[in-house]
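# Descriptive analysis of the structure
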Amino acid sequence: MHPTSETEFPQSAGPEDLTPSQQRVVSHRDGPLLVLAGPGSGKTRVVTRRIAQLVASGVSPHNILAITFTNKAADEMARRVEELLPGSRVWVSTFHRFCARLLRRHAEFVGLKPNYTILDTSDQKTALKAIVRDLDIDAVLFSPARIGYEISNAKNDLIDAESFVRKYDESVADHRTAIVARVYPAYQKWLLDSNAVDFDDLLLHVATLLSENEELRSELSARYRYLLVDEYQDTNRAQYQIVAALGAAHGNVCVTGDPDQSIYGWRGARIENILRFERDFPATTTIRLEENFRSTKAILRSADRLISYNRQRKVKTLVTDNGEGEPVELLIYENEIREAEGIAEQICDAVERGDRDWSDFAVFMRVNALSRQLELALMRRRVPFQVAAGAAFYDRAEIKDVVAYLRLLYNPADRAAFLRVVNTPLRGLGETSRRRLVNWADRQGVTLLDAAARAGEIESLSKRAARGFAAFAETVSSLSLADAGSVEHLLAQALERTGYLRQWQGSSSEKDQERVANVQELLSAARQFDANYGEETSLEGFLEQTALISDTDALDTSRGKVTLMTLHAAKGLEYPVVFILGLEQGLIPHERATRDAGLRELEEERRLLFVGMTRAREELYLTQTEQRSFRGRTLRTIPSDFTPELECSVRRPGRSPSALPTWRPLPATADGTIDAARPLLTTAADLLNGTNAAAKLPIGFSVGSQVRHPRYGVGTVVDVGGFGHRRTVTVAFQADDRRETFVAAKSPLQPIGRPAP
DNA sequence: CAGGCCGTGCTTTTT
DNA sequence: GCACGGCCTG
């Protein structure tokens, strides 16, 4: 069984292996369909079956378009459709890929040429830095990254540069908005001059294209008569508009999703999109898939209990016929080293006993930076593992450099690509010379590459610099796919003629050797691409693939490896045994979500944990440390506000039994009922002795809770103030009427629960 | 112009 | 803790 695919079922066709709800989804033919699918409810399977059913009932595969969020989901769905309908060629694509293709065909409409290139975030930063400098903006105040984030948000909300400026003119805006209003249009001009787009443009341009071009819209509506959109709860406004435009004419729009798994609000996803689908598409059929085929009862109950604390939510029940299974456990360790060791040991033990394979295990964390100690612990034990993300392959400098050569070749106007490689490897073309070249090119209205070819005409340049530019231009123009025959050979030629690898060859440094190896890896990726596409191989296709690839795509699903990844990356996956690291304030929920005390963000954090928990099939472990080093500092931790909301047992591995907390009966759940089903189990709430009231405060210490201080002893919290890392708590200590105020994050205060009634 | 040293500040999450 | 940017030197 694939550890990374959703719960699989017998593949035999026929309705008998479907639940009645699932069957209704599969057999639904025309008109809008909303599928609210809980975790592990067999959603992917049902959707693929529905596609097969459409084809069986006479719909041409050509008329079906399935859109997913990630490449992995698209591949998985395509694989399953292929299984059911060999050779049917239904188009399964991600939003970004679909838009990239469409834009390729209609580039002129938005002022681009068909050979546009796609910028990544680091190119974006380069561009913004140059723009901020040219506009003479006080860059100290707002980093290019910050401005880029604002622009990205605007684009996701369908606000193009002109609208942004107009809105700014009409309103009394703050300083930041004023700066963005200047940078945004300049950035778009820069992109247009570069014949390039960023990720968000792919969506925005296509949304614009569809809303302004009636003819194209009806052509596409006619072509894609049946739309299926997965993870609809994570669509942003731009994606929403694309779906609406494509589906308006026929209304054959089937969206699937789960509001409880909406975890991308921070990058513009609008949970409302799924909540208002029924209003947007009148006469929608809504079907709920609430039966879970993945997890044990214990896991599901704990996750369900957690998510029930969200107020902004459509209530949905999760049920399963699966067995009770092992209780969910909260493992408490002294520090992150013990934590890593504990997890590694537990994994090794299970594998050595023969109970499990390495690939049965996954460890999720809130932020990538947290994986370090665990990686070390796994390495010490020679446990095979893989990390999704971290320094993703296509994010590495050497890979970006080499790809930039190809980009420049394909799109000679690509400024970011030019500036990236013109002096890589070093050609003595420093900052000053480059700026002179750019100025000249802009005055002449030619591309940077053209300017480099004509460097002899640029008077401000030194002889040496002029020669360097000319040589660079010549090298680039000597390369062509037609001559090379394949992308792989083209790459090899580029490497050879630029002498790119020479800078590291012969070096004994491990880093340098890794760089060379990475470039070799890119060569074999190119070879693979050539092989896949044969005669059809193209630079365009290869560049699109490299630009739109993501971290999790590289995950090795079949081989025996423990997998480490962020909670976000875990969506859509499942594993027999799951560990979730760091159930601590500031981590889960993340500090940013607690800082402004915004309920929206806090609830998204809760959903994130919910997503992580519901990935587990048989065993689920959550960990917490008493102190954790992070960003080079060691701090005492505060247990997560979410801990009391879970149903789990608490264990302190490596401690004597006397250190165990006293177990008490379950406290009331959110709706006030007592869960009497498992009286022997305690919730982690008992550790904090938190009642639900205590859990309502957004930060760890709440008024009335008892704490211990190493010097002053036991006391009661009488006041809290401030936010985030500035959060303060005032404690009245029992000994000599002492009252002290502490900065919560920096104090050695330890919560020990409420005084007994 | 390049390379090295030192200080700062940062990080959520990703197509 | 680490990466990046700024500054200084060769």
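Rules and cut-offs
- Residues numbered from 1 in each chain as written.
- Chains lettered and ligands numbered in written order.
- Predicted model: local features only at pLDDT ≥ 70, side-chain atom pairs only at ≥ 80, totals over all residues.
- Heavy atoms only, no water.
- Axes fitted to C-alpha atoms, helices over the stretch in contact; angles between N-to-C directions.
- Helix = DSSP H or I, 4+ residues; strand = E, 2+ residues; numbered from the N terminus.
- Left-handed = near helix turned anticlockwise from the far one by under 90°.
- Contact = heavy atoms within 4.5 Å.
- Nonpolar A, V, L, I, M, F, W, Y, C, P; charged D, E, K, R; others polar.
- Near = heavy atom within 4 Å.
- Polar contact = N/O pair within 3.5 Å; in protein donor to acceptor, adjacent residues only side chain to side chain.
- Phe/Tyr/Trp six-rings, centres within 6.5 Å; stacked < 30°, edge-to-face > 60°.
- Buried < 20%, exposed > 50% of the residue type's maximum accessible area, 1.4 Å probe, protein only.
- Salt bridge = Lys/Arg side-chain N within 4 Å of Asp/Glu carboxyl O.
- Pairing = 2+ DSSP bridges.

As a further point, take the packing of helix α4 (residues 95-105) against helix α11 (residues 237-247). Running from N to C, α4 and α11 point in directions that differ by 65°, and their axes come no closer than 12 Å. Where α4 crosses over α11, the handedness of that crossing is left-handed. For the pair formed by α4 and α11, the contact residues are F95, H96, F98 and C99 on the first element and Q239, I242, V243 and L246 on the second. In the contact of α4 with α11, the residues fall into six nonpolar, two polar and no charged.

For the rest of this paragraph, the subject is the protein's contact with DNA strand C. The environment of DNA strand C is made up of K129, R372, R631 and G632. What you see for DNA strand C is that sugar and phosphate hold 38% of its atoms within 4 Å of the protein. One of the side-chain nitrogen or oxygen atoms of K129 is found 3.2 Å away from a phosphate oxygen of DNA strand C. Note that a phosphate oxygen of DNA strand C is positioned 3.3 Å from one of the side-chain N or O atoms of R372. Tallied by class, residues from the surface near DNA strand C come to no nonpolar, one polar and three charged.

In this structure the tally under the stated criterion is 16 aromatic pairs. When the ring of Y500 is compared with that of W504, the centres are 5.3 Å apart and the planes differ by 85°; the resulting orientation is edge-to-face. A single burial state applies to Y500 and to W504, both of which are buried. Judged by centre distance (5.0 Å) and plane angle (20°), the rings of F579 and Y621 are stacked. In this pair, F579 is assigned in strand β15 (residues 575-580) and Y621 in strand β16 (residues 616-625), connecting sequence segments 42 residues apart. By relative accessible area, which is 0% here, F579 ends up buried.

Working definition: two side chains of opposite charge can pair if their charged atoms are close together. Here the structure, examined in full by the defined rule, presents 53 salt bridges. Ionic pairing is found between D414 and R407, a salt bridge with its closest N-O pair at 2.9 Å. We note a salt bridge from E431 to R434, for which the minimum N-O separation is 3.6 Å. You can see E431 and its partner R434 sitting in helix α19 (residues 431-444), three residues apart, about one turn around the helix. A network of salt bridges, in which partner residues are shared, links K43, D230, E231, D234 and K571.

So, about the pairing of strand β18 (residues 633-636). When strand β17 (residues 627-630) meets β18, the two strands line up antiparallel, connected through four bridges. When the sheet's bridge partners are listed, F630 is paired in β18 with R633. In this structure, the hairpin formed by β17 and β18 is closed by a connection of two residues, where R631 is found at a positive phi of approximately 55°.

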